[in-house]
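Here is how the chains run, residue by residue.
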Amino acid sequence: GVQTCALPICRLRGSAQITEHLKELEEEVGEGRLHVHEASCLGRCDRAPVMIIEGAGDRQSLFVERKVEEYRSIVESVLKGNSPTENYDSETAKNTLDRSEIDCYRTGDGSEVEPKYSAIREFLQDPSTERVIQSLKTAGLLGMGGAGAPAYSKWDETRMAPGDTKYVVCNADESEPGTFKDREILLAAPHLVIEGMTMAALVTGAKQGYIYIRHEYQEQILRLRQAIKEAEKIGALGTNIFQSGRTFRLEVFVSPGGYVCGEQTALIEALEGKRSEPRNRPPELQTNGLYDQPTILNNVETFAWVPSILLRKPNEEQLQKSGSQTPQPNSDLGGLWFKFSGRNRAKGKRFFSISGDLNRPGAYEVPCGITLGELIDDYAGGMKDGVPLLAVALSGPSGGFLPALWSDAKIKVLDEDGNETGKFKFPHLDRKSTRLNSSHEWISRMPSSA
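Every chain begins its residue count from 1, and numbering advances along the sequence as written. Only residues with pLDDT of at least 70 are given local features in this predicted model, and only at 80 or more are side-chain atom pairs given and counted; all residues enter the totals for whole chains, interfaces and linings. Remark: hydrogens and water are excluded; side-chain values derive from all non-hydrogen atoms of the structure.

**As for the overall build of the protein**
Part 1: Put simply, DSSP H or I for four residues or longer makes a helix, DSSP E for two residues or longer makes a strand, and each gets a number counted from the N terminus. Looking only at helices and strands, the protein has 15 helices and 14 strands in total.
Part 2: For the protein, the residues scored as buried account for 51% of the 450 residues in total.
Part 3: Only heavy atoms enter the contact rule, under which two residues are in contact if any of them lie within 4.5 Å. For the protein, the share of sequence-separated contacts (at least 6 apart) that also reach a separation of at least 24 residues comes to 66%. To sort residues, take the accessible area from a 1.4 Å probe on protein chains only and compare it with the maximum for the residue type: under 20% means buried, over 50% means exposed, and anything in between is partly exposed.

What follows is the structure in structure tokens.
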């Protein structure tokens, strides 16, 4: 089978023509040998147009950023038994993490600064669940999957929920069109996700965890399974974690497919082998989650930030902001580094996926509180070939379009009877520069794609 992408960025790059060419080929060779279908999103919007060829078993071959006319030739070559050169997500993942601070275990040149899983080692020496919860609260870590719920609250509620059986689940489905940041983290820094999940298990008493991942992420699935084995080998995962007597086992669960599985309760239903349909709430997952047991469910990036939040210490400027210029030697500074990494009163940092007519589309770690204009111009290199910015689609089809508004746009005002009391002026688009940089357009709790 062959999948092509049907959504806007790939369409702008010619995916409709590619699909038409492949459908013609399907008719020529017969559907028994070739089946072509469009997918809602294949998670590589930064490298459109995208095509995936599905082979025997779970084998998938990825092809991106080719000329429109090349895609039919690639499929013809495969039908003849050849193996054309394919693309890999590892081509971008390392660069994405190299320009980020999320990985507390290495420096900018990629060298390791301390052993992995140091946050777990420190916790086991001083197993204070209150300290971990407080660090997450101080940091202001929010759910990075879009809902923005405080992470500390989920962890604390699950910790306090009655029951001997608890679970930790990572949502790595990432099926929202235009979103691909977790793709990079899972491939280039899987141990951060595993450590974050293990910390959640140690805090709550969970002994089993699952990483629920979309089936199109074949490289990430293999890398996660490899990383789990590596963590088990060094004693950071499995039975008797670092000789502590604590147990946490972790498995990768590959999604059967479906956009709705990105909703957390539908994801839980799929994990239980049921039809993926959202549950009525309450009760919440923290008390009645997987198999009706207390469950922490967070996004990939949320778990990945945990080691840095627990291990990194604030610099002098951040200490001054906190009012702790001369902290006591034994005082707990957990979470302050992350809290004061944002701008304009926003807390923390986060990744954004950005694609389209840009010079440098990709996933970028940015301080919360910057403007959308800064994300476009300073990180993504501005508009490609001088194309004027007309609008930005936030979070795929569910987010709508944000036009390039002037900040002085006037709003229509009505009195109690519905009569206009002020003149209305339609806001116009800036066709000269980005201009999405007014103070009310900070990005901190926005969806993670643009």
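**Concerning helix H11 (residues 264-271)**
Part 1: With respect to burial, H11 is a largely interior element, 8 of its 8 residues being buried.
Part 2: When H11 is considered as a whole, its buried residues turn out to be Gln 264, Thr 265, Ala 266, Leu 267, Ile 268, Glu 269, Ala 270 and Leu 271.
Part 3: Contact partners of the buried residues in H11: helix H7 (151-160), strand E5 (167-172), strand E6 (208-213), strand E7 (249-254) and strand E8 (295-299).
Part 4: Phi for Gly 273, located one or two positions after H11, is positive at around 80°.

**A few points about the pattern of salt bridges**
Part 1: Salt bridge criterion: a side-chain nitrogen from Lys or Arg within 4 Å of a carboxyl oxygen from Asp or Glu. All chains considered together, the criterion is met by 27 salt bridges.
Part 2: With its nearest N and O atoms 2.8 Å apart, the salt bridge here joins Glu 28 to Arg 72. With a gap of 44 residues between them, Glu 28 in helix H2 (residues 15-29) and Arg 72 in helix H3 (residues 70-79) connect regions that are remote in the sequence.
Part 3: Assessed through its relative accessible area of 55%, Glu 28 is described here as exposed.
Part 4: Of the residues examined, Arg 72 reaches a relative accessible area of 18% and is grouped as buried.
Part 5: The salt bridge partner of Glu 216 is Arg 214, with a shortest N-O separation of 3.0 Å. An identical accessibility class is assigned to Glu 216 and Arg 214; each is buried.
Part 6: Linked by salt bridges that have partners in common, Arg 44, Arg 47, Asp 89 and Glu 91 make up one network.

**Side note on the packing of aromatic side chains**
Part 1: The rule is short: rings of Phe, Tyr and Trp, with Trp giving its six-membered ring, pair when the centres are within 6.5 Å, and they are stacked under 30 degrees, edge-to-face over 60, tilted in between. Taken as a whole and judged by the stated rule, the model has 7 aromatic pairs.
Part 2: Considering the side-chain rings of Tyr 212 and Phe 253, the 5.4 Å spacing of their centres and the 20° angle between planes classify their relative orientation as stacked. Highlighted residues: Tyr 212 in strand E6 and Phe 253 in strand E7, separated in sequence by 41 residues.
Part 3: Among the residues examined, Tyr 212 registers a relative accessible area of 0% and is labelled buried.
Part 4: Every member of this aromatic cluster is reached through a ring pair, and the members are Trp 305, Trp 337 and Phe 338.
Part 5: Only Lys NZ and Arg CZ are tested; either one counts as a charge over a ring when it is within 6 Å of the ring centre and within 35 degrees of the ring normal. Lying over the aromatic face of Phe 352, Arg 350 brings its terminal NZ or CZ to 5.0 Å of the ring centre.

**Remarks on the packing of helix H8 (residues 181-188) against helix H12 (residues 300-311)**
Part 1: Orientation of H8 relative to H12, taken along the N-to-C sense of each, is 45°, at an axis distance of 9 Å. Here H12 runs oblique to H8, going by the angle between their axes. Here H8 and H12 pass one another in a crossing that is left-handed. Side by side, H8 and H12 meet where Lys 181, Asp 182, Ile 185 and Leu 186 of the first sit next to Val 300, Glu 301 and Ala 304 of the second.
Part 2: The residue classification treats Ala, Val, Leu, Ile, Met, Phe, Trp, Tyr, Cys and Pro as nonpolar and Asp, Glu, Lys and Arg as charged. All others, Gly included, are polar. Its residues placed into classes, the contact of H8 with H12 shows 4 nonpolar, no polar and 3 charged. Lines are fitted to the C-alpha atoms to define the axes, a helix being fitted only along its stretch in contact, and any angle between axes, read from their N-to-C directions, falls within 0 to 180 degrees. We call two directions roughly parallel when the angle between them is under 35 degrees, roughly antiparallel when it is over 145, roughly perpendicular when it lies between 65 and 115, and oblique otherwise. By convention, the crossing between two helices is left-handed when the near helix turns anticlockwise from the far helix through less than a right angle, and right-handed when the turn is clockwise.

**Section: the sheet that holds E7**
Part 1: With parallel pairing, 4 strands are arranged side by side in an open sheet as E7-E6-E5-E8. A single partner strand is all that each edge strand has here, and the edge strands are E7 and E8. Between one strand axis and the next, the sheet turns by 20° as a mean value, whatever way the strands run.
Part 2: Pairing analysis gives 6 bridges linking E5 to E6, with the strands arranged parallel. Of the residues in E6, the one forming a bridge with Tyr 167 is Gln 208. Strand pairing is assigned whenever DSSP identifies at least 2 bridges connecting the two strands.

**Quick word on the nonpolar core**
Part 1: Among the nonpolar cores identified, the biggest contains 63 residues, and Leu 141, Trp 155, Val 193, Met 197, Met 199, Phe 303 and Trp 305 are the most heavily contacted of them.
Part 2: For this core, the element with the most residues is helix H9 (residues 190-204), which contributes 9 residues.
Part 3: The residues touching Phe 303, leaving out its near neighbours within four places in the chain, are Trp 155, Val 168, Val 169, Cys 170, Leu 192, Val 193, Gly 196, Met 197, Ala 200, Ile 296 and Asn 298.
Part 4: Here, nonpolar core means buried Ala, Val, Leu, Ile, Met, Phe, Trp, Tyr and Cys residues that are tied together by side-chain atoms lying within 4.5 Å of each other. If you look at the next biggest cluster of nonpolar residues, it comprises 15 residues, including Tyr 364, Leu 372, Leu 375 and Leu 389.

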